Amino acid sequence: MAKTFTAFGQEWEYPLDLDPENYHLYEEEVRLKVEWERIDKVLKFPDGKTLKLPNVYYKKILEKYPPEVQKQCKKRVELIYDHLAKMMTAKRALARTKPTLHTHSPNKYSAEIIELLGRDYSLQEVHKIYLKKFRKMEFTELVEFAEHNKDKIKAVRERWRAEYNDISISAKRKRLENLNYLLDDLMSVYEVSGTPSKVYVSKEIRGILEQARKEVEGDEIKLTVSGRIDVEATITHYMTDDKTLQDLTIQQLVISRVAARLGLSSRFLIDRLAHSFYAKFNGFRRNSDLTTKILYPSAVNYDILDLESKNLTYQDKMKKLAEEAPFQEIKPEAKVNKDILMSKIKEMLKDRPKQELEEVKLRDIK
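Note that the coordinates shown come from a computational prediction; the quantities given were computed from them, not determined experimentally.

A. Broad picture of the overall build of the chain. Each helix and strand counted, the chain has 15 helices and four strands in total. Looking at the chain as a whole, 22% of its 366 residues are labelled buried. Across the chain, every contact between residues at least 6 apart in sequence was considered, and the portion connecting residues at least 24 apart equals 46%. Surface summary for the chain: the accessible area is close to 29100 Å², and the carbon and sulfur share equals 54%.

What follows is the structure in structure tokens.
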């Protein structure tokens, strides 16, 4: 059972492989780490801007302010960097006390190694993990272990790749929240950065905004007044607009987009798909025989000379169909009896006033 000690109102465990004579080194490292977390590492300038330390550009940033402000800030900077140096020294002193590594067999940790390899860790990554745990392991033995247990690793890998709901970034909301955190952090860095650094930081900010736009699939990104991504408003907006597409199938969406780009009617593409050679395999025709393999054009051996002769025959046939028959104009031979026609007109107009009858002229019936 690991031994413990109390510091800062919290109980800490000594490393199992640490000699009791060196417990004070571990206690010193813990003390420095806790104090580092409690130190205020943000410089506040009179113009309202802030600078989070450590920062490699802090000297250039301080040059913009008056000597009095620089003097006050340098005291804080020296204090912070001095504490950081103490932490690094304590960490190196503790590392020198680690016991000599001895070789471990992969079979001793078989379940853990199979799980790591099944989660798509490479052999180099697994080897590095065990070196960090102060366990020396020969890389060649690890390769042999993976070869002997490849079936178990494959089973774990298939299960792991199929189940990704337990990963936080698999959810759209979590990804947007992480992007929001990065954007907020970079915005504060941009405000205090020098001119050369602003170009790089602004590029990163634009990249985050573009990634956020892709996350909502082209819909509008909702931003608050401070420039932060409003996660709630963005997701609500996306879900509301998405209802308009619920009645469309995937085939309709794809065909309509292709037809719009080609400037064709979507019914034309649907007709071609429904009567194509592969109609039984593209979902537009019923296919009860699923065992038949598709015959691709690349699998057929063509005879160029035979195709050339068939093409000439086909062209001759098309020319014959295109030839127009001679057109002969037939003039109608109709004889009109003017007396009979005049009597018919008078009979139709007999009920009208006499004045209208007199206005009927023979030229109207010629």
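B. Seen up close, the pairing of strand β1 (residues 4–7). Because side chains alternate across β1, one face comprises the buried residues Phe5 and Ala7, and the other comprises Thr4 and Thr6, none of which is buried. The pairing of β1 with strand β2 (residues 10–13) spans four bridges and is classified as antiparallel. Along β2, the bridge assignment pairs Phe5 with Trp12. The antiparallel pairing of β1 with β2 creates a hairpin that spans two residues between the two strands, and Phe8 there sits at a positive phi of about 60 degrees.

C. Inspection of unusual backbone geometry at higher detail. Residue Leu53 is joined to Pro54 through a cis peptide bond whose omega torsion reads 0 degrees. Following the sequence through the fold, Pro54 ends up in the loop between β4 (50–52) and α2 (58–62). At Asp120, a residue that is not glycine, the phi angle is positive and equals roughly 70 degrees. By secondary structure assignment, the location of Asp120 is in the loop between α4 (110–118) and α5 (123–132).

D. Just the pattern of salt bridges, in detail. Applying the stated criterion to the full structure yields ten salt bridges. Put simply, Arg31 and Glu28 hold a salt bridge, and the shortest N to O gap is 2.5 Å. Separated by three residues within a single helix, Arg31 and Glu28 lie in helix α1 (residues 23–38), roughly one turn from each other. Two residues, Glu115 and Arg159, come together in a salt bridge whose shortest N-O distance is 3.8 Å. Of this pair, Glu115 sits in helix α4 while Arg159 sits in helix α7 (residues 150–162), and the two are 44 residues apart along the sequence.

E. Looking closely at the nonpolar core. Ranked by internal contacts, the top residues of the largest apolar core, which has 17 residues, are Leu43, Phe45, Leu51, Leu53, Tyr58 and Cys73. Sorting elements by how many residues they give to this core places helix α3 (residues 67–95) first, with six residues. What Phe45 contacts, discounting residues up to four positions off in sequence, is Thr50, Leu51, Ile61, Leu62, Tyr65, Val69 and Cys73. In this structure, Ile114, Val126, Tyr130 and Leu142 belong to the second largest nonpolar core, which totals 13 residues.

F. The arrangement of the packing of α4 against α7 in detail. Contact geometry for α4 and α7: axes closest at 8 Å, N-to-C directions at 50 degrees. It follows that α4 is oblique to α7 by the angle criterion. Considering how the two elements wind past one another, α4 and α7 form a crossing that is right-handed. Between α4 and α7, the residues in contact are Ile114, Glu115, Leu117 and Gly118 and Lys152, Ile153, Val156, Arg157, Arg159 and Trp160, respectively. Tallied by class, the residues present in the contact of α4 with α7 amount to five nonpolar, one polar and four charged.

G. Focus on the environment of Ala111. Turning to its location among the elements, Ala111 is positioned in helix α4. When the C-alpha positions of Ala111 and Lys152 are compared, they lie 9.8 Å apart, and in sequence the two are 41 residues distant.

Rules and cut-offs
Residues numbered from 1 in each chain as written. Predicted model: local features only at pLDDT ≥ 70, side-chain atom pairs only at ≥ 80, totals over all residues. Heavy atoms only, no water. Helix = DSSP H or I, 4+ residues; strand = E, 2+ residues; numbered from the N terminus. Buried < 20%, exposed > 50% of the residue type's maximum accessible area, 1.4 Å probe, protein only. Contact = heavy atoms within 4.5 Å. Areas by Shrake-Rupley, 256 points an atom, 1.4 Å probe, with all protein chains shown as cover. Pairing = 2+ DSSP bridges. Salt bridge = Lys/Arg side-chain N within 4 Å of Asp/Glu carboxyl O. Core = buried A, V, L, I, M, F, W, Y, C linked by side-chain atoms within 4.5 Å. Axes fitted to C-alpha atoms, helices over the stretch in contact; angles between N-to-C directions. Parallel < 35°, antiparallel > 145°, perpendicular 65-115°, else oblique. Left-handed = near helix turned anticlockwise from the far one by under 90°. Nonpolar A, V, L, I, M, F, W, Y, C, P; charged D, E, K, R; others polar.

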